[in-house]
Amino acid sequence: MAQMNMHEAKSQLSSLIARVLEGEKVTIARAGRPLVDIVPHRELTVVYGLAADEPEHDPSLFDGVDEEINDLFYGRRS
């Protein structure tokens, strides 16, 4: 893990980026106090909706009125 002061990091930014991309951890400090870590960018994948990773379902299961549920709510109709 490399740690260097801000002034030194400014003049060596390109080489620091190359080192980070090769897997090295780099920390930039100010007056000897660590401030930030340089990390490689990771692609963000946004998933919309609840249960986006759930398996497919059969939409026909939700078609029509379920008589059993209807009876529970409204009682038997004659």
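Residues numbered from 1 in each chain as written. Predicted model: local features only at pLDDT ≥ 70, side-chain atom pairs only at ≥ 80, totals over all residues. Heavy atoms only, no water.

The name given to the chain in an unreviewed UniProt entry is Type II toxin-antitoxin system prevent-host-death family antitoxin, with the source organism recorded as Microbacterium profundi. UniProt lists a comment for the chain under the heading Sequence similarities (unreviewed entry), and it reads "Belongs to the phD/YefM antitoxin family." (UniProt positions renumbered as here; feature names shortened; annotations may be inferred.)

Enquirer: Hey, could you run me through the overall build of the chain in this one?
Expert: In terms of regular secondary structure, the chain is built from 3 helices and 3 strands. Computed over the C-alpha atoms, the radius of gyration of the chain is 29 Å, more than 25% above the 12 Å expected from 2.2 N^0.38 for a compact globule of 78 residues. Seen along its three principal axes, the alpha-carbon backbone of the chain occupies a region of about 85 × 25 × 15 Å. Within the chain, the proportion of its 78 residues that are buried is 13%. Sequence separation of 24 or more characterises 35% of the internal contacts of the chain that already satisfy a separation of 6 or more. Total accessible area on the chain is roughly 7500 Å²; 54% of this is exposed by carbon and sulfur atoms. Where the 8 positive side-chain charges of the chain centre and where its 14 negative ones centre are 19 Å apart. (Helix = DSSP H or I, 4+ residues; strand = E, 2+ residues; numbered from the N terminus. Rg over C-alpha atoms; globule rule 2.2 N^0.38 Å. Buried < 20%, exposed > 50% of the residue type's maximum accessible area, 1.4 Å probe, protein only. Contact = heavy atoms within 4.5 Å. Areas by Shrake-Rupley, 256 points an atom, 1.4 Å probe, with all protein chains shown as cover. Lys, Arg positive; Asp, Glu negative; His and termini not counted. Charge placed at Lys NZ, Arg CZ, Asp CG, Glu CD.)

Enquirer: I'm lost on the side chain of Thr27 in this one. Help?
Expert: Topologically, Thr27 is positioned in strand 2 (residues 26-30). The class of Thr27 is buried, set by a relative accessible area of 4%. Filtering out sequence-adjacent residues up to four positions away, Thr27 remains in contact with Met1, Ala2, Gln3, Met4, Pro34, Val36 and Asp37.

Enquirer: Sorry if this is basic, but what is going on with the packing of aromatic side chains here?
Expert: Aromatic rings in a pair are described by how distant their centres are and how their planes are angled relative to each other. Overall, the coordinates contain 1 aromatic pair when judged by the stated rule. With centroids separated by 6.3 Å and ring planes inclined at 45°, the aromatic side chains of Phe73 and Tyr74 adopt a geometry described as tilted. Overall, the relative accessible area of 64% leaves Phe73 in the exposed class. What makes Tyr74 exposed here is its relative accessible area of 55%. (Phe/Tyr/Trp six-rings, centres within 6.5 Å; stacked < 30°, edge-to-face > 60°.)

Enquirer: Sorry if this is basic, but what is going on with helix 3 (residues 67-74) here?
Expert: One turn of the α-helix equals 3.6 residues, which is why residues spaced by three or four share an orientation. With 0 of 8 residues buried, helix 3 lies mostly on the surface of the structure. Measuring from the backbone nitrogen of Glu68 back to the side-chain oxygen at the start of helix 3 gives 3.0 Å, which picks out Asp66 as the cap. In the segment just after helix 3, Gly75 is the residue with positive phi, at about 75°. (Polar contact = N/O pair within 3.5 Å; in protein donor to acceptor, adjacent residues only side chain to side chain.)

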